[in-house]
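Structural overview
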Amino acid sequence: MKQNNKKTTKPVWLKVTYDQKKVDRMNELLSGLSLNTVCAEANCPNLGECFGSGTASFMILGPNCTRSCRFCDVPHGHPKPVDLTEPLRVAQATKKLGLTHVVVTSVDRDDLPDLGSDQFVRTIQALHEVTPETTIEVLTPDFQGRTDCLDKIIAAKPDVFNHNMETVRSITPKVRHRATYSTSLGVLKYVKEHATSKTFVKTGIMLGLGEKDEEVYALMNDLRSINVDFLTIGQYVQPSEKHYKLREWVPLERYQKYYHEAKIRGFKFIASSPLVRSSYKAQEELMAVYEK
Amino acid sequence: MIKEVHMPKLSPKSNQYFFGEWLKEPGDKVSKGDVLFEVETDKVVSQVESQETGVLKEHQVKSGQTVVVGDLVATIEVSES
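Small disclaimer: the values here were computed from a predicted structure and weren't measured. (Residues numbered from 1 in each chain as written. Chains lettered and ligands numbered in written order. Predicted model: local features only at pLDDT ≥ 70, side-chain atom pairs only at ≥ 80, totals over all residues. Heavy atoms only, no water.)

**Observations concerning the overall build of chain A**
- Within chain A one finds eleven helices and eight strands.
- Its C-alpha atoms give chain A principal-axis dimensions of about 50 × 45 × 40 Å.
- Scored against the burial criterion, the 292 residues of chain A give a buried share of 57%.
- Within chain A, contacts between residues at least 6 apart in sequence are counted, and of these 75% link residues at least 24 apart.
- Carbon and sulfur atoms make up 52% of the accessible area of chain A, which totals about 13000 Å².
- Side chains of chain A give 40 positive and 35 negative charges; the mean places of these two sets differ by 4 Å. (Helix = DSSP H or I, 4+ residues; strand = E, 2+ residues; numbered from the N terminus. Buried < 20%, exposed > 50% of the residue type's maximum accessible area, 1.4 Å probe, protein only. Contact = heavy atoms within 4.5 Å. Areas by Shrake-Rupley, 256 points an atom, 1.4 Å probe, with all protein chains shown as cover. Lys, Arg positive; Asp, Glu negative; His and termini not counted. Charge placed at Lys NZ, Arg CZ, Asp CG, Glu CD.)

Right under this line is the structure:
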């Protein structure tokens, strides 16, 4: 039970507007098709805006994740059997919503022999078939670094391959579960080396976990040394008391500083502000690069 | 005609929130889309927009109160048309 008269400690930029009718309409459509979104499962602060404007990021193979990272609000639990009709439903929802760019992510599925990679492939294929004009972004787990899983996804030709580093090297073991900094970097490197130039490689990090400037720059250098194209930087918001303790509401100036530092290092696109999430306005990002 | 404003579900994971500030006072004109009040959930401060156009009649909750989805939070008088 929350205490009365609790003073808000959230910064002003964490204010978002909410149009109930539009959100309800989106929820109806999604539940009608039995689809999960990372927006709802991770309780995203941008949900009102994105659902209000008719966009969503689908989370396949869920809703339960086989890992329990300390920053994440997606439920950890016993995974459900793979639903082979899910890829088609994602494609149908994408078409119904008229999305010109779709983000498909998943929970971790360390329980499956293919670690969930085949369902990504099936979803990409379904999207290609049902809504061929829609650009596709996949936001994947690390697949334990297994290149056979990555090869299949590369072959399916997503427009953007996204895998989040989440944080700097020193904090990774404190917040991620069964995932390492070097494995994630290896995943990005492998995809960049093996995918065609039509697949952009993207990653994202959270701020406010206690990272230092030099560590963020070291991470940027690591990413650019393997030619990662896009970088997203946003504020960590602690989902509950049980989760990793928020160290800091990072001031806006630092987002701007990191933006410039990233720009200097040659990322093709950088989104850096508190409410940025890995799939937030992903379409604008891709469009900006296509226009160049 | 009096319309009731109920607390919307603002977080997929919780039904109980911390009521923040009122942005409209009783007697104020409100238009559809105006921000009526702010509510703090675990991850965010949500500004909730009015679904009606009319005059705000009454606040039914105060800043600092805990509210549950579905609670009556305000009444708005809308003109019959």
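**Comments concerning a positive patch on the surface**
- Judged by side-chain charge, A:Arg70, A:Lys174, A:Lys212, A:Lys245 and A:Arg247 come together as a positively charged surface patch.
- With respect to the secondary-structure elements, A:Lys212 resides in the loop between β6 (200-207) and α9 (213-225). (Patch = residues over 30% accessible without salt bridge, like charges linked within 9 Å, V, L, I, M, F, W, Y side chains within 5 Å. Salt bridge = Lys/Arg side-chain N within 4 Å of Asp/Glu carboxyl O.)

**Topic: the UniProt feature "domain: Radical SAM core" (unreviewed entry) in chain A**
- UniProt marks residues 51-268 of chain A with the feature "domain: Radical SAM core" (unreviewed entry), using the numbering shown here.
- Between the end C-alpha atoms of residues 51-268 of chain A there is a gap of 27 Å, over a span that is 38% helix and 15% strand. (UniProt positions renumbered as here; feature names shortened; annotations may be inferred.)

**Here we look at unusual backbone geometry**
Residue and element names in this part refer to chain A.
- For the peptide bond that leads from Gly62 to Pro63, omega is 10 degrees, which places it in the cis range.
- The topology assignment puts Pro63 in the loop between β2 (57-60) and α4 (86-97).
- In this model, Ser34 sits at a positive phi of 50 degrees, which is unusual for a non-glycine residue.
- Of the residues examined, Ser34 reaches a relative accessible area of 51% and is grouped as exposed.

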